[in-house]
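Given next are the chains, with one letter for each unit.
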Protein chains: 2
Amino acid sequence: MMKDISRKQSAALPCAACYILRRRCAQDCMFAPYFPVDEPHKFTGVYKVFGASNVNKMLNELPEHQRGEAVSSIVYEANIRVRDPVYGCKGAISSLQQQIDVLQTQLALAEAEVVHMRIRL
Amino acid sequence: MMKDISRKQSAALPCAACYILRRRCAQDCMFAPYFPVDEPHKFTGVYKVFGASNVNKMLNELPEHQRGEAVSSIVYEANIRVRDPVYGCKGAISSLQQQIDVLQTQLALAEAEVVHMRIRL
């Protein structure tokens, strides 16, 4: 339903950011290309965690061709922080680093076993 | 030098957040326990990336015993975003996930070789 509306009337509708911030969506709105009105959830987490003006500043400091990637990583980070308000991305990073430690130990053991068996063969 | 000043006169000095925000540091300042005046760099990244009022809100929503960990992860995340304004933590997470993929492949190969050699022994 939302999708249909945005496809038919996107020129007249504000982007999700301006809709949530209840402000007029200017033609050169920094958020409009990245926060379509039919994906409001993309902006709600970003707004809560980083704030609209901070994201605006961050995007402004980047060349246009990097802004899409930056928005994607900002949305990703905000969602992690909403799910885990204490540890956020640091929690995800620590858990991956632990997995790497475990895998490195397992690999070292398996490789040592290979070396040991080669001697016996 | 800064450390000595803060230890001797911490009651009279604002915290790093209030110092940077040029405001009076109230006795119940939310930032004071986590942003001592002798570590201003801890707050500058956080301020740039998340903004003071957002961090204040995030800490307010947490019980006091979790705020220290939350500040630590917020400082960590902000520093990564300052260093990598396009990919931020998502870049760090993707790179760790790639390392895990490589290690899992190497481990599977080493384990297969062990199984293969056991049959030959």
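Residues numbered from 1 in each chain as written. Chains lettered and ligands numbered in written order. Predicted model: local features only at pLDDT ≥ 70, side-chain atom pairs only at ≥ 80, totals over all residues. Heavy atoms only, no water.

Novice: An account of the interface of chain B and chain A is requested, with residue identities and associated values reported.
Specialist: Listed per partner, the contact involves 43 residues of chain B and 43 residues of chain A. Between chain B and chain A, a total of about 4,000 Å² is buried, with carbon and sulfur atoms accounting for 66% of that surface. For the chain B face of the interface with chain A, the top three residues by lost area are V86, K90 and L121 of chain B, together amounting to 14%. Counting every contact that joins chain B to chain A gives six salt bridges. When the shortest N-O distance is used, the salt bridge between E77 of chain B and R81 of chain A registers 2.5 Å. At the junction of chain B and chain A, the tally comes to 20 residue pairs in polar contact (both at pLDDT 80 or more). Of all the elements in the fold, those that place two or more residues in the side of chain B that touches chain A are α3 (40-49), α4 (52-60), α5 (64-83) and α6 (88-120) of chain B. Considering each element in turn, the side of chain B that touches chain A owes the most residues, 20 residues, to α6 of chain B. (Contact = heavy atoms within 4.5 Å. Buried area = accessible area lost by both parts, 1.4 Å probe. Salt bridge = Lys/Arg side-chain N within 4 Å of Asp/Glu carboxyl O. Polar contact = N/O pair within 3.5 Å; in protein donor to acceptor, adjacent residues only side chain to side chain. Helix = DSSP H or I, 4+ residues; strand = E, 2+ residues; numbered from the N terminus.)

Novice: Explain the packing of aromatic side chains to me, using residue names and the numbers behind them.
Specialist: Tallied over the full model, the rule gives nine aromatic pairs over all chains. Pairing F35 of chain A with F43 of chain A gives two aromatic rings, centres 5.2 Å apart and planes at 80°, and the pair type is edge-to-face. Plain terms: the ring middles of F31 of chain B and F43 of chain B are 5.5 Å apart, the flat faces sit at 65° to each other, and that makes the pair edge-to-face. With a gap of 12 residues between them, F31 of chain B in the loop between α2 (16-20) and α3 and F43 of chain B in helix α3 connect regions that are remote in the sequence. Taken individually, F31 of chain B and F43 of chain B each receive the classification buried, so the pair is uniform in this respect. Members of the aromatic cluster, each reached through a chain of ring pairs, are F31, F35, F43 and Y47 of chain A. The aromatic ring of F35 of chain B is capped on one face by K42 of chain B, whose charged end is 5.7 Å from the ring centroid. The ring of Y76 of chain A is capped by K90 of chain B, whose NZ or CZ atom sits 5.6 Å from the centre of that ring. (Phe/Tyr/Trp six-rings, centres within 6.5 Å; stacked < 30°, edge-to-face > 60°. Buried < 20%, exposed > 50% of the residue type's maximum accessible area, 1.4 Å probe, protein only. Lys NZ or Arg CZ within 6 Å of the ring centre and 35° of its normal.)

Novice: Help me get a handle on the relation of the copies chain B and chain A, residues and values and all.
Specialist: For these two chains of identical sequence, chain B goes onto chain A by a turn of 180° and a shift of 0.0 Å along the axis, with RMSD 0.1 Å. Such a combination of turn and shift is consistent with a two-fold rotation axis. Comparing interface residues between copies, 100% of those in chain B also lie at the interface in chain A; the contact surface is shared. (Least-squares fit on C-alpha atoms with pLDDT ≥ 70 in both.)

Novice: So, the environment of V86 of chain A: which residues are in play, and what are the values?
Specialist: Along the chain, V86 of chain A turns up in the loop between α5 (64-83) and α6 (88-120). By relative accessible area, which is 7% here, V86 of chain A ends up buried. V86 of chain A sits 72 residues away from P14 of chain A along the chain, and the two C-alpha atoms are 33 Å apart. In this structure, V86 of chain A is in contact with R81 of chain A together with L62, Q66, E69, A70 and S73 of chain B, ignoring residues within four places of it in sequence.

Novice: For unusual backbone geometry, give the residues involved together with the corresponding values.
Specialist: Residues and elements named next belong to chain A. With phi around 50°, R22 is a residue other than glycine that occupies positive phi space. Summarising the element assignment, R22 is placed in the loop between α2 (16-20) and α3 (40-49). Look at R22 and you get exposed, because its relative accessible area is 78%.

Everything listed here is a matter of coordinates, which is why it stays silent on function.
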